[in-house]
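Letter by letter, the chains look like this.
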Amino acid sequence: MSGWMPYFIAVLLVLGGMLPVWAMVHAKDLRPHLMLAERYEGSDALEQFGVSEKYDGVRAFWDGVNLMTRSGRVISAPAWFLAQLPDEPLDGELWLGYGRFSEVSGLIRRHDSDSHPLWQEVIYQVFDMPEHEGLFAERYKAMVELLGANAASDVRPVQQYRLQDQQELDDLLEKTLSAGGEGLMLHRWDSHYIAGRSHHLQKVTLRDDAEAIVVGYQPGKGRLAGMMGALKVRLDDGRIFEIGTGFTDAERASPPQIGTRVRYTYRGLTREGFPRFASFDRIRPPE
């Protein structure tokens, strides 16, 4: 062995030992760069958009090797489920059905997730192909050709509709909500996939929604004595307000832990800029 080889090996061992530390420090850089929706305000020509259902599931990005949350945490899915996925990256939602968000959210948090029988019911509702260079109309066509339109498959392309006016949109929204759905999504046909918040992707719901971090509790009174009366939450801009409605008694008895990210719904903003009529919706999956 030449004289420099032991030193070279030693350097490799040191660098190898640093990899786990580097991975933790740069974990935020490993998040998938996903396209995020703005709220529909009714000012755009609807014929420019594909309209689809807004599925109430867990956002999941497939990079061709791993299935992960939008924060970059790898989802422990069964090998048989992953074997159905193509090499091309996909963007979609893991969905169990209407009103079952808490079940799919709990499933992906389990340590034994990959062996849990509930995966037999999970559907990966795919709505985009992030690394396809075409416009959305082209990406959608490629996605349908890639995944097929088999309603019995566990991996399905989300159906896109072409609507002409506000009345058609309102009718489809009412039909979707009546069936138990959460709302609709508008995806501009002539848009490229752009990471971050984009006007080319819009959500249509009856109420606004947002997320905040739990920082404390307000004790309950009267019937709620001994339970949580309201959550104190911190907005992204640092301001704190309280959410006092939308909880079951079980959730009040065992409220979300401090530091948990929760989603809430609301109807517009107050004069001071706080959410009006804020109501607890759910705990978000861990980042």
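Whatever comes next refers back to the structure up there.
In short, a report on the structure. In this text, all values refer to a predicted model and were calculated from it rather than measured experimentally.

Our next topic: the overall build of the protein chain. On a plain count of helices and strands, the protein chain comes out with six helices and 15 strands. Buried positions account for 44% of the 287 residues belonging to the protein chain. For the protein chain, the proportion of contacts with a sequence separation of at least 24, taken over those separated by at least 6, is 66%. If you sum the accessible surface of the protein chain, you get close to 15700 Å²; carbon and sulfur atoms cover 55% of it.

This part is about the nonpolar core. If you look at the biggest cluster of nonpolar residues, it comprises 28 residues, and the most contacted ones within it are L67, F81, L90, L94, W119 and Y124. Only β3 (58–62), β5 (90–95), α3 (101–109), β6 (123–128) and α4 (136–147) provide two or more residues apiece to this core. For this core, the element with the highest residue contribution is α4, accounting for five residues. Setting aside residues up to four positions removed in sequence, W119 forms contacts with I75, S76, A77, P78, W80, F81, L94, L107, S113 and D114. Ranked by size, the runner-up nonpolar core spans 14 residues in total, among them I243, Y264, Y266 and F280.

Right, let's get into unusual backbone geometry. A positive phi angle, close to 55 degrees, is found at F277, a residue other than glycine. Examined against the element boundaries, F277 turns out to sit in the loop between β14 (261–266) and β15 (279–283).

Our next topic: the layout of surface pockets. One water molecule sets the probe size; rolling that probe over the atoms shows where empty space is left. Approximately 310 Å³ is the volume found for the second largest pocket. Lining the second largest pocket are 18 residues, with F101, S102, D281, R282 and I283 positioned closest to its centre. For the lining of the second largest pocket, the secondary structure elements donating two or more residues are α3 and β15. For the lining of the second largest pocket, the residue count by class is five nonpolar, six polar and seven charged.

Turning next to the sheet that holds β3. The mixed open sheet is built from five strands, whose spatial order is β4-β3-β5-β6-β7. The two strands at the open ends of the sheet, each matched to only one other strand, are β4 (67–68) and β7 (155–157). Strand contacts of α3: β3 and β5, with the helix running at about 45 degrees to β3, the strand carrying the most contacts. Contacts from α4 reach β5, β6 and β7, with the element oriented near 150 degrees to β6.

Next up on the list: the packing of aromatic side chains. Counted by the stated rule, this structure contains 11 aromatic pairs. Geometrically, the ring pair formed by W80 and F81 is edge-to-face, given 5.8 Å between the ring centres and 75 degrees between the ring planes. Through a chain of ring-to-ring contacts, the aromatic side chains of F241, Y264, Y266 and F274 assemble into a single cluster. Geometry around W189 places R162 over its ring, the cationic atom sitting 4.1 Å from the centre. Sitting over the face of the ring of F274, R239 holds its NZ or CZ atom 4.4 Å from the ring centroid.

With 12 residues, α4 should reach 16 Å at 1.5 Å per residue; the first-to-last C-alpha distance of 16 Å fits that figure. F136, R139, Y140, A142, M143 and L147 are the residues of α4 that are buried. For α4, the angular spread of the buried residues around the axis is 165 degrees, confining them to a single face. Every exposed residue of α4 that faces more than 90 degrees away from the buried side is listed here: K141 and E145. Looking at the buried positions of α4, the neighbouring elements they touch are β5, β6, β7 and β9 (184–188). A positive phi of about 75 degrees marks G148, the residue just after α4.

Calculation rules
Residues numbered from 1 in each chain as written. Predicted model: local features only at pLDDT ≥ 70, side-chain atom pairs only at ≥ 80, totals over all residues. Heavy atoms only, no water. Helix = DSSP H or I, 4+ residues; strand = E, 2+ residues; numbered from the N terminus. Buried < 20%, exposed > 50% of the residue type's maximum accessible area, 1.4 Å probe, protein only. Contact = heavy atoms within 4.5 Å. Areas by Shrake-Rupley, 256 points an atom, 1.4 Å probe, with all protein chains shown as cover. Core = buried A, V, L, I, M, F, W, Y, C linked by side-chain atoms within 4.5 Å. 1 Å grid on protein atoms, 1.4 Å probe; cavity = no way out; pocket = protein on both sides within 12 Å on 5 of 7 lines; lining within 4 Å. Points joined across faces, edges and corners; volume = space filled by probe spheres on them. Nonpolar A, V, L, I, M, F, W, Y, C, P; charged D, E, K, R; others polar. Pairing = 2+ DSSP bridges. Axes fitted to C-alpha atoms, helices over the stretch in contact; angles between N-to-C directions. Phe/Tyr/Trp six-rings, centres within 6.5 Å; stacked < 30°, edge-to-face > 60°. Lys NZ or Arg CZ within 6 Å of the ring centre and 35° of its normal. Expected span 1.5 Å × (residues − 1). Arc of directions from axis to C-beta.

Spatial relationships are all this shows, so hold off on functional conclusions.
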